[in-house]
Amino acid sequence: QVQLVESGGGLVQAGDSLRLSCAASGRAFANYAMAWFRQASGKEREFVSSIGTGGSAYYAASLKGRFAISRDNAKSTVSLQMNTLAPEDTAVYYCAADPRGSLADPRAYHYWGQGTQVTVSS
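Given the structure is predicted, the values throughout are model-derived calculations rather than measurements.

(A) How the structure looks around the state of the cysteines. Throughout the structure, instances matching the rule amount to one disulfide. Disulfide pairing places C22 opposite C95 at an S-S distance of 2.1 Å. One quick way to see it: the torsion about the S-S bond of C22 and C95 is about -80°, and its sign makes the bridge left-handed. With C22 in strand 3 (residues 18-26) and C95 in strand 9 (residues 91-99), this residue pair connects regions lying 73 residues apart in the sequence. We classify C22 as buried; its relative accessible area is 1%.

(B) Representation of the nonpolar core. Residues L4, M34, W36, V78, L80, M82 and Y93 are the most contacted members of the largest nonpolar core, which totals 34 residues. In terms of residue count, strand 9 provides more of this core than any other element does, five residues in total. Ignoring anything within four residues of it in the chain, the contact list for V78 reads L20, S21, C22, F29, M34, W36, I51, I69, S70, R71 and C95.

(C) Seen up close, the pairing of strand 4 (residues 34-39). In terms of residue burial, strand 4 counts as a mostly covered element, since five of its six residues are buried. Across five bridges, the pairing between strand 4 and strand 5 (residues 46-51) is antiparallel. Among the inter-strand pairings, M34 is bridged to a residue of strand 5, identified as I51.

(D) Structural view of the side chain of S49. Its place among the elements puts S49 in strand 5. Look past the residues within four positions of S49 in its chain and what remains in contact with it is M34, A35, W36, Y58, Y59, I69 and L80.

(E) Summary view of the pattern of salt bridges. For the coordinates displayed, the defined rule picks out five salt bridges. Between R66 and D89 there is a salt bridge, with its nearest N and O atoms 2.8 Å apart. Separated by 23 residues along the polypeptide, R66 in the loop between strand 6 (57-59) and strand 7 (67-72) and D89 in the loop between strand 8 (77-82) and strand 9 bring together distant segments of the chain. Across the pair D105 and R107 runs a salt bridge whose closest N-O atoms are separated by 3.0 Å. Owing to a relative accessible area of 75%, R107 belongs among the exposed residues under this scheme. One salt-bridge network, in which partners are shared between bridges, spans R38, E46, R66 and D89.

(F) Up close: the sheet that holds strand 3. Strand order in this open sheet of four strands is 1-3-8-7, and the pairing throughout is antiparallel. Looking at strand neighbours, the two that pair on one side only are strand 1 (2-7) and strand 7, the edges of this open sheet. Within the sheet, the average angular offset between the axes of one strand and its neighbour, ignoring direction, is 15°. One ladder, built from six bridges, connects strand 7 with strand 8; its direction is antiparallel. Residue pairing across strands places I69 opposite L80, the latter belonging to strand 8.

About the criteria used
Residues numbered from 1 in each chain as written. Predicted model: local features only at pLDDT ≥ 70, side-chain atom pairs only at ≥ 80, totals over all residues. Heavy atoms only, no water. Disulfide = S-S within 2.5 Å. Helix = DSSP H or I, 4+ residues; strand = E, 2+ residues; numbered from the N terminus. Buried < 20%, exposed > 50% of the residue type's maximum accessible area, 1.4 Å probe, protein only. Core = buried A, V, L, I, M, F, W, Y, C linked by side-chain atoms within 4.5 Å. Contact = heavy atoms within 4.5 Å. Pairing = 2+ DSSP bridges. Salt bridge = Lys/Arg side-chain N within 4 Å of Asp/Glu carboxyl O. Axes fitted to C-alpha atoms, helices over the stretch in contact; angles between N-to-C directions.

In short, the description is geometric, and any link to function would need to be established separately.
Rendered as structure tokens:
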């Protein structure tokens, strides 16, 4: 069993940066690929970024260059640095672990956090 807790969300202005963190507890964090998804109001949950056990990172094409994912296995955390935020980035951001299938498919993930709200004002 893995428990995931996100933090770092909040209200920011367009153009600002924000760093989200996800703290994991339970079984060996280093053995899990991790990911961030987001869900805007009234929309489906969408892939943001993933990072493998060896540190390989993948991004949604529309976000590459603005967002950066990283992990610290010693601290059992995964982070998402978000730069040049825009109102369309407003969503609840979720941390996920242990995919069994496509890294970009939310149905593949076994463990989820409760989410953290990011709101970007124009």
